[in-house]
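Structural description and commentary
Below, each chain spelled out in residue letters.
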Amino acid sequence: MKLFFDIETTGLNVTKDTIKCVSWSIDNGKGFEPIQSFEAQNIFYQSSANEFREDYLKADVIGGHNVSFDIKFIKHHFNLEPKEGCEFIDTKIIYKYINPHESARLKDLAEKELKITVTRLKDLQGKQGKGKKKLKLNEIPMTDLIPYCEQDVDLCIRLYKKYKQHLSLDKIIELMKA
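So, here's what we can say about the structure. (Residues numbered from 1 in each chain as written. Predicted model: local features only at pLDDT ≥ 70, side-chain atom pairs only at ≥ 80, totals over all residues. Heavy atoms only, no water.)

**So, the overall build of the protein chain**
On a plain count of helices and strands, the protein chain comes out with seven helices and five strands. Ordered by position from N to C terminus, the α and β elements of the protein chain give β-β-β-α-β-α-β-α-α-α-α-α. Its C-alpha atoms give the protein chain a radius of gyration of 16 Å, within 12% of the compact-globule value 16 Å for 178 residues. A principal-axis box enclosing the C-alpha atoms of the protein chain has dimensions of 50 × 40 × 30 Å. Long-range contacts, defined here as pairs at least 24 residues apart, represent 64% of the contacts in the protein chain between residues at least 6 apart. If you sum the accessible surface of the protein chain, you get close to 9800 Å²; carbon and sulfur atoms cover 49% of it. (Helix = DSSP H or I, 4+ residues; strand = E, 2+ residues; numbered from the N terminus. Rg over C-alpha atoms; globule rule 2.2 N^0.38 Å. Contact = heavy atoms within 4.5 Å. Areas by Shrake-Rupley, 256 points an atom, 1.4 Å probe, with all protein chains shown as cover.)

So, in structure tokens, the structure goes:
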């Protein structure tokens, strides 16, 4: 089973910052299922959080954009580790392999590679009105943050499908081990 996921955090420090939300989708060989999400502060009270735990622990392949960052946060905050032998797919690493001298920011790739307009974090941070201070990530309402996180999972899946047309899954997994 493949699991693609994304998290939104209050910062980059795994020990000082927290996870706000998690979004993911799985593919059991029949195509990716609809994206699911949960608010991380309520992890023990949500059935979707339990589903994520089960899927994460069962996944043979875990994918995302800069996925090692997300895995570190999941390990530290949820005490979960991928199962032994799990393979990883990182759309950022794949893109850097194909285009080593270009930016590999997810939103830039979505617009360049997929030709779609996306919501950027700055769009959410400034949503409260011009002239006002930008919102910090932990101030963004979950009603906005969860769809933003889900968008990132969708973008990763779309990029993976696009890159898979040019590179075999074996080559993609080989890149992750380099």
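**Structural notes on the packing of aromatic side chains**
According to the stated counting rule, one finds eleven aromatic pairs in the structure shown. With a centroid separation of 5.4 Å and an interplanar angle of 40°, the aromatic rings of Phe 52 and Tyr 56 are classed as tilted. In this pair, Phe 52 and Tyr 56 both sit in helix H1 (residues 47–58), four residues apart, roughly one turn of the helix. A residue is classified by how much of its surface remains accessible, and Phe 52, at 0% relative accessible area, is buried. (Phe/Tyr/Trp six-rings, centres within 6.5 Å; stacked < 30°, edge-to-face > 60°. Buried < 20%, exposed > 50% of the residue type's maximum accessible area, 1.4 Å probe, protein only.)

**Here's the deal with unusual backbone geometry**
Residue Asn 66 is not a glycine yet carries a positive backbone phi of 60°. One can find Asn 66 in the loop between strand E4 (61–64) and helix H2 (67–78). On the accessibility criterion, Asn 66 (30% relative accessible area) is partly exposed.

**Let's talk about the pattern of salt bridges**
Inspection of every chain in the model, using the stated rule, returns nine salt bridges. Asp 60 is the partner of Lys 83 in a salt bridge, and the nearest nitrogen-oxygen pair spans 2.6 Å. Linking Lys 83 in the loop between H2 and strand E5 (87–90) with Asp 60 in the loop between H1 and E4, this pair joins segments that are 23 residues apart in sequence. Under the relative-accessibility criterion, Lys 83 is labelled partly exposed at 33%. On the basis of relative accessible area, Asp 60 is assigned to the partly exposed category, the value being 34%. (Salt bridge = Lys/Arg side-chain N within 4 Å of Asp/Glu carboxyl O.)

Function cannot be read off these values alone, since they describe shape.
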